[in-house]
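Observations on chain architecture
The primary structure of each chain is shown beneath.
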Protein chains: 2
Amino acid sequence: MLSDIEIAQKAKAKPIGEIASKLGIPTSAIEPYGHYKAKIGLDYVNSLKSKPDGKLILVTAISPTPAGEGKTTTTVGLGDALNHIGKKAIVCLREPSLGPVFGMKGGAAGGGYAQVIPMEDINLHFTGDFGAIQLANNLLSAMIDNHIHHGNELGFDIRRIAWKRVLDMNDRALRDIVVSLGGPGNGYPREDGFDIVVASEVMAIFCLSTSIKDLKERLGKIVCGYTKDQKPILASDLKTHGAMAALLKDALAPNLVQTLEHSPAFIHGGPFANIAHGCNSVLATQTALKLGDYVVTEAGFGADLGAEKFIDIKCRKAGLKPAAVVLVATIRALKFHGGIEVKDLKGENLDALSKGITNIERHVNNIRNNYGLPCVVAINHRTEDTDAEVKLLQDKMAHHGAKVILARHWAEGGKGATELAKEVVRLCEEPTDFKFVYEESLPLWDKMKAIATKIYGAADITADSKVRGQIKKLQENYGHYPVCVAKTQYSFSTDPQLRGAPSGHVVNIREVRLAAGAEFVVMVCGDIMTMPGLPKVPSAVSIDITDEGKITGLF
Amino acid sequence: MLSDIEIAQKAKAKPIGEIASKLGIPTSAIEPYGHYKAKIGLDYVNSLKSKPDGKLILVTAISPTPAGEGKTTTTVGLGDALNHIGKKAIVCLREPSLGPVFGMKGGAAGGGYAQVIPMEDINLHFTGDFGAIQLANNLLSAMIDNHIHHGNELGFDIRRIAWKRVLDMNDRALRDIVVSLGGPGNGYPREDGFDIVVASEVMAIFCLSTSIKDLKERLGKIVCGYTKDQKPILASDLKTHGAMAALLKDALAPNLVQTLEHSPAFIHGGPFANIAHGCNSVLATQTALKLGDYVVTEAGFGADLGAEKFIDIKCRKAGLKPAAVVLVATIRALKFHGGIEVKDLKGENLDALSKGITNIERHVNNIRNNYGLPCVVAINHRTEDTDAEVKLLQDKMAHHGAKVILARHWAEGGKGATELAKEVVRLCEEPTDFKFVYEESLPLWDKMKAIATKIYGAADITADSKVRGQIKKLQENYGHYPVCVAKTQYSFSTDPQLRGAPSGHVVNIREVRLAAGAEFVVMVCGDIMTMPGLPKVPSAVSIDITDEGKITGLF
């Protein structure tokens, strides 16, 4: 059995110009990055505006488990399958962060025979977008501390700096630090910390911007910190948003690559799915919709978190209307939701599966009833799945209005997912009753309550008086913003240990954060980690390169 | 009068494939980065080994002054001039750091009509090399703290970590920090700090490596820190050098761009000229020598620092033999060396010039006698230079064996420097008596003394007993390494205020640092700054981008 990187390295990629020209993109509109990656020029992207949109298909998943579901793999496999049955389909994915690549998870370019290539490039630096985002973020940090050092005319309260530095690295040592030690030449000591780059508000802004003008305006609105009387100080007050936008100029153009089967794939941007909205860039999705008849994209985490944000933040802001949803699950992961630990997942277990199906039922019902979208369940097939298990799942789901289809793209590529592709095509012709979970006009508190009660199955939401006060204050100027919930992805509740479909719980809002440039209000429910750490044996120790320049150990 | 960026943006660049094919590089060997930048594949670079080398011309300068000399501009102008008179010339430069771009200095892609393009790309991200170097550096940092957090099997003494994090940003707040605060989940608190990326040992290693194999071996030799009984712990002990090399794989291939006049230019790597050796990559220089008849390159700072390291570190290690040296000066800068402050530099001042000429005399004598290389002085012409000033300089220099030639490439491009080009061609035919300042077999202490007495005009060197002890200890295992002096670039002495040609001073070694992967021993003489700060009004506030994506305010 070949590893992912071995499969990817055996693939014979087509020159990227060929992939582009199949989409009708002229050579003059592409900026090649090597022979197999390209950026699509923003002038060309703009020129597509009057063309009609293709069908947008969202791939989401059950609540994630350590057993793995394969959302990216299914997104790629479905794209290939749609092309396999003669449709013109494009895949839209997020760019992987180096944190997980060097940490635990490995790469994020699909797996098996459903991958995007060149997988080493995509997983390592790709076209430098994350580097540009990191620099733009950290330029603002340097400008803040520099401004304070040189007299602090704008009157920053150094206890109330609201902007952290970022790196694309899992580095727990940088979570909580003290900067500007060492004497007067180094500025005023204060508490600070680094987040991982995907948690930067610049990343969220980048992914929601529709033009350079929009990008620059949003960057200018970033709140860097507050004065002693708690007035916000913006990036535009520091005159830094222009230079930040200049740093992001090249990055903003969407990246085009291909799948193992030469389906076109846009991979662009990758905000965290907890404190940000967790979807690839609006520009990539919009461009793909102009160029393809079917656009298959994914959102972060499960259908309660990623899909909700995809709909309530990305679709709302960018005017997108999904046509159908694919909900990915594995039998293995459902058994985990049924209460079985990872080490005990081997072998048929109908009882555990039966219990775990509550998780998928809740998600399917949410998609159909709360998002108003047609849905199909894709079982990312594993060889150990038994017929009895598959049948049980199909029977249990029969009355929920979503077919359950076994998809074998991991082992077989696109042709292994043709049944799934055909069902998706059929769903795209169905009428939708697409709706947001809440209206923009609803107060922030009620928006959060709508998400919690409708999507999470919660009884209510709470917050202590300090947080209630902050929400009330944000309501004055930012009440029309969507809410971006940061909570554990592992459960419908805020307790990661509660698997399946807990209900009647109370969601406590621990903290609120304003993302004024991204134009949403983050409600933090439970502990969230914006700078991960490395495990005891990080995958970095297995990653290597031969004398001939071949990368090994990426999976 | 047009600004640098206006001149650069008006230029009509040729497709990079055309520039490459003029050099005989096949299309299959180039990895395009957009239409005007490319990397040259390492397989192709290797295939050139048996070809004869062209002539290597080093451009260096008098001791730098705030008045400006124009070393990069002259390197570019000379390259264009050599092509203008019918020679096949290639320029080799360092990649600019974003620190100065956003700080005080602005861009570093030449100036006026002697620039490399696309200047915005070169000054902002270029092909992502610095991002890759930063990531490789910071992966090692994360692995060190992670190792300690998970049990510290290798026995790091957290008071003796020898590896700092880096960013490509001028950010004084990060010079002295405390990391791993916030409780047991975040590791063991310790003092730390960030350097700017050009100060990373990874940058020095990158620029001295001749292959991926060599790169990986050098990365493995990096000393991350010491145990309590002061045994070094290496990057290879942490098994991180493979992943670091994998991150640097694409970056290691040299970058090809063009000048305004379409001369080919390799711009690759950019180590600091104080704690590192300050030259572009060995791979770029070696590749250029195989492809061009004349290769014009620059070294950091003045001829006492940058040129000495170019010769004693880069040329020695890479087996390069320069054919001639161009020493760049401006009349203005020489008057500054004569004791005049920048604000008083306007107007003819023969007295100050006469005094300042001592600086250029010392450099010319060093180049001719201590490096054994033929030399020409290039006066980077400014319109306010008077005939009497030029004549005085020429007269004074007449008996030093180096012609003084006015070069007008800034205003006129290559044709403004044809006289300089012709003299360089003539010098390249002269026999050289090329020599190092010291032999490899000399003890470290004596190497430092040779540099100080022969090149700086010092009477002696000193160090306190602690530093002497460290040097003695390093002598045991690393005595054969070259010395890399970190001292002020503004003076032959260690006092930046001592202009002209001070002599008889004593150079105190304040600190020594081992760069085991770069294979040199840094001797720190005086205060050196490895993380610069931003000025009160950073150039970042002027950098902007139009709605159409045109960058403005870079100079």
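Each chain has its residues counted from 1, running along the sequence as written. Chain letters and ligand numbers both follow the written order, the letters beginning at A and the numbers at 1. Two thresholds apply to this predicted model, a pLDDT of at least 70 for residue-level local features and 80 or more for giving and counting side-chain atom pairs, whereas whole-chain, interface and lining totals are computed over all residues. Values reported for side chains reflect all heavy atoms of the structure, with hydrogen atoms and water molecules removed beforehand.

1. Here we look at the overall build of chain A
Quick note on the threshold: Helix and strand assignments follow DSSP, with helices taken as H or I runs no shorter than four residues and strands as E runs no shorter than two, numbered in order from the N terminus. We take the radius of gyration over the C-alpha atoms and set the globule estimate at 2.2 Å times the residue count to the 0.38 power. Think of it in three bands: with a 1.4 Å probe and only protein chains considered, a residue is buried below 20% of the maximum accessible area for its type, exposed above 50%, and partly exposed in between. It only takes one pair of heavy atoms within 4.5 Å for two residues to be counted as in contact. Method for areas: the Shrake-Rupley scheme with a 1.4 Å probe, in which residue coverage is limited to the protein chains shown.
Looking only at helices and strands, chain A features 19 helices and 26 strands. Rg of the C-alpha trace for chain A: 23 Å, near the compact-globule value of 24 Å for 555 residues, within the 12% margin. Viewed in the frame of its principal axes, chain A has a C-alpha envelope of about 70 × 55 × 50 Å. Classification of the 555 residues of chain A by burial places 65% in the buried group. Considering only intrachain contacts with a sequence separation of at least 6, the fraction spanning at least 24 residues in chain A is 75%. A total of about 18,900 Å² of accessible surface is found on chain A, and carbon and sulfur atoms cover 51% of it.

2. Points about the pattern of salt bridges
Using the following cut-off: Salt bridges, as used here, are contacts in which a Lys or Arg side-chain nitrogen is within 4 Å of a carboxyl oxygen on Asp or Glu.
If you walk through the whole model with that rule in mind, you get 73 salt bridges over all chains. With its nearest N and O atoms 2.9 Å apart, the salt bridge here joins A:D544 to B:K216. Linking A:D544 in strand 25 (residues 544-545) with B:K216 in helix 9 (residues 212-220), this pair reaches from one chain into another. Overall, the relative accessible area of 27% leaves A:D544 in the partly exposed class. Among the residues examined, B:K216 registers a relative accessible area of 18% and is labelled buried.

3. Quick look at the sheet that holds strand 21 (residues 483-487) of chain A
Residues and elements named next belong to chain A. How we decide: Criterion used throughout: strands pair if DSSP finds at least two bridges between them. Every angle, taken between N-to-C directions, lies between 0 and 180 degrees, and every axis is a line fitted to C-alpha atoms, over only the stretch in contact when it is a helix.
An order of 21-24-23 is seen for the 3 strands of this open sheet, with the pairing classed as mixed. Every interior strand has two partners, whereas the edge strands, strand 21 and strand 23 (511-515), have only one. Adjacent strand axes in the sheet meet at a mean angle of 25° when their direction is disregarded. In this sheet, strand 24 (residues 520-525) lies alongside strand 21 in parallel orientation, the contact comprising 5 bridges. Bridge pairing in strand 24 links V485 to M523.

4. Observations regarding the packing of helix 8 (residues 201-208) of chain B against helix 9 of chain B
All names here are of chain B. Put simply, the rule reads: Every angle not falling under 35 degrees, over 145, or within 65 to 115 is termed oblique; those three ranges are roughly parallel, roughly antiparallel and roughly perpendicular. Less than a right angle of anticlockwise turn of the near helix away from the far helix marks a crossing as left-handed, whereas a clockwise turn marks it as right-handed.
It is the contact of helix 8 with helix 9, at a shortest axis distance of 9 Å, that shows an interaxial angle of 150°. Taken together, the axis directions place helix 8 and helix 9 in an arrangement best described as roughly antiparallel. Crossing of helix 8 over helix 9 shows right-handed handedness. Contact with helix 8, carried on its side by V202, I205, F206 and L208, involves D214, L215, R218 and L219 of helix 9 and no other residues of that element.

5. A word on the pairing of strand 15 (residues 264-267) of chain B
Residue and element names in this part refer to chain B. Here strand 15 shows two buried faces, one formed by P264 and F266 and the other by A265 and I267. With 3 bridges connecting them, strand 14 (residues 255-259) and strand 15 associate as antiparallel partners. Pairing of L256 across the sheet is with F266, part of strand 15. Remark: 4 residues form the turn of the hairpin made by strand 14 and strand 15, two consecutive strands paired antiparallel; H262 in that turn has positive phi of roughly 70°.

6. A word on the relation of the copies chain A and chain B
Quick note on the threshold: Copy-to-copy superposition: least squares on the C-alpha atoms, limited to residues that have pLDDT of at least 70 in both copies.
When chain A is fitted to chain B, the residual RMSD is 0.0 Å, and the transformation amounts to a turn of 180° plus an axial shift of 0.0 Å. On the angle and the small slide along the axis, the relation comes out as a two-fold axis. If distances are taken from each C-alpha of chain A to the rotation axis, the shortest is found for A:Y33, at 2.2 Å. The overlap is high: 100% of the interface residues of chain A also sit at the interface in chain B, so the same surface is used on both sides.

7. Brief notes about the UniProt feature "binding site: ATP" (unreviewed entry) in chain A
Residue and element names in this part refer to chain A. Rules: UniProt positions are given in the numbering used here, feature names are shortened, and annotations may be inferred rather than shown by experiment. Definition of a polar contact: a pair of N or O atoms within 3.5 Å, with one able to donate and the other able to accept a hydrogen when the atoms are protein atoms, and with sequence-neighbouring residues admitted only if both atoms are side-chain atoms.
According to UniProt, the feature "binding site: ATP" (unreviewed entry) maps to T65, P66, A67, G68, E69, G70, K71 and T72 in the numbering used here. Note that P66 resides in the loop between strand 3 (55-61) and helix 4 (71-84). Residue class for P66 comes out exposed when judged on its relative accessible area of 56%. If we ignore the near neighbours within four places in the chain, the residues touching P66 are F336 and V342. Residues within four places of E69 in sequence aside, it is in contact with I62, S63, P64, V328, T330, A333 and N380. Within the local environment of E69, its side chain forms a polar contact with the side chain of T65, the two groups lying 2.8 Å apart.

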